[in-house]
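# Commentary on secondary and tertiary structure
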Amino acid sequence: MKVIHSPDELQEVAISYKNEGKTIGFVPTMGFLHEGHEKLIEEARKENDIVLLSIFVNPLQFGPHDDLDHYPRDEQHDRKVASRLGVDLLFHPDVESMYPHEPAIKLTVIRRTDVLCGRSRPGHFDGVVTVLAKLFHLGLPTRVYFGMKDAQQVAVVDGLIKDFHFPVELVPVPTVREPDGLAKSSRNVNLSAAERKEAPFIHKGLVHGKVLIQDGCRNPEKVNNAVKSFIEKHTHGKIDYIEILSYPELESVASIKGRIILAAAVKFNKARLIDNLVMEAGD
Ligand code: PAF
């Protein structure tokens, strides 16, 4: 595994792989790798000649109240995971090399952003797409891998790739789950024992909503309320949102049809959990 710190060096290496006709599978991360990231790397390994993993805690996507300095980091662990899973290129730049001067241009996301978790994080996705545009130019990926657990990020990246004609295929990877259905997340360790038993009911609540849709319910409010009551009945968590939106446009729908996302965010004492199901709801 080659570890690269310099953006220019990454671009040179990527150009030489492309000239040899090799495909590059890219997994962008902010490090502190967990099983969700491992799944992305495994998928990239299966489908590409070269696997590129980036680890960069991107200051542009943190708001004034987010704790950038305390974002968890574990370089030794991340290197071990990357080399065990067969990563070829590990790109680990510092902030100064990625943003050597005050940027002259920043990208702004104007759709797909002020709903779901984006609503409470203004500017977050502007930072995400700005760093991804840079990383795409540096790493020249053939395919890029993102987890569907953050389906809003996948929708925003889909917009970035299409609007700016990046020659890269977006590969959304299904959410990795515990045997009881709970979506794997580094935040799950912050659940108490009692909360951990309740947390799978978020996924079960979404499945309950999906069954209602499959049975022909077309009224988003009815489905939202049913999911809400289900989760409230089985957990002590405080519901932040339950939303049904078109996917990937993330627009509200008067009637449930076509490709939609049913998403939930639930706050427990020390952990806010998110989960979603994306489905074809038919006509
Ligand atoms: O999902 C993340 O870890 C980040 O938003 C990403 C895509 C690496 C951009 O900094």
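The structure under discussion appears in the preceding block.
Here's a quick rundown of the structure. Here the structure is a predicted model, which means the values were calculated and not measured.

With that out of the way, let us pick up unusual backbone geometry. Looking along the chain, the bond that leaves Y247 and enters P248 is cis, with omega of 10°. Take P248: it is sitting in the loop between β7 (238–246) and β8 (259–267). We note that L250 has phi near 60°; this positive angle belongs to a residue other than glycine.

Here the focus is the pairing of strand β9 (residues 272–280). Bridge count for β8 against β9 is nine bridges, and the pairing is antiparallel. In the sheet register, A264 faces β9, and the bridge partner there is D275. What sits between the antiparallel neighbours β8 and β9 is a turn of four residues.

Spatial strand order, β1-β4-β3-β2-β5-β6: six strands in an open sheet with parallel pairing. In this open sheet, the two edge strands, each paired with only one partner strand, are β1 (2–4) and β6 (169–173). Averaged over all pairs of adjacent strands, the angle between strand axes in this sheet comes to 25°, irrespective of strand direction. Bridging between strand β3 (residues 50–55) and strand β4 (residues 89–91) involves three bridges; their strand directions are parallel. Bridge pairing in β4 links S54 to F91. Helix α2 (residues 35–47) contacts β2 (24–29), β3, β5 (143–147) and β6 of the sheet and is inclined by roughly 155° relative to β5. Along the sheet face, helix α5 (residues 124–139) touches β2, β3, β4 and β5 and points at about 150° away from the line of β2.

Calculation rules
- Residues numbered from 1 in each chain as written.
- Predicted model: local features only at pLDDT ≥ 70, side-chain atom pairs only at ≥ 80, totals over all residues.
- Heavy atoms only, no water.
- Helix = DSSP H or I, 4+ residues; strand = E, 2+ residues; numbered from the N terminus.
- Pairing = 2+ DSSP bridges.
- Axes fitted to C-alpha atoms, helices over the stretch in contact; angles between N-to-C directions.
- Contact = heavy atoms within 4.5 Å.

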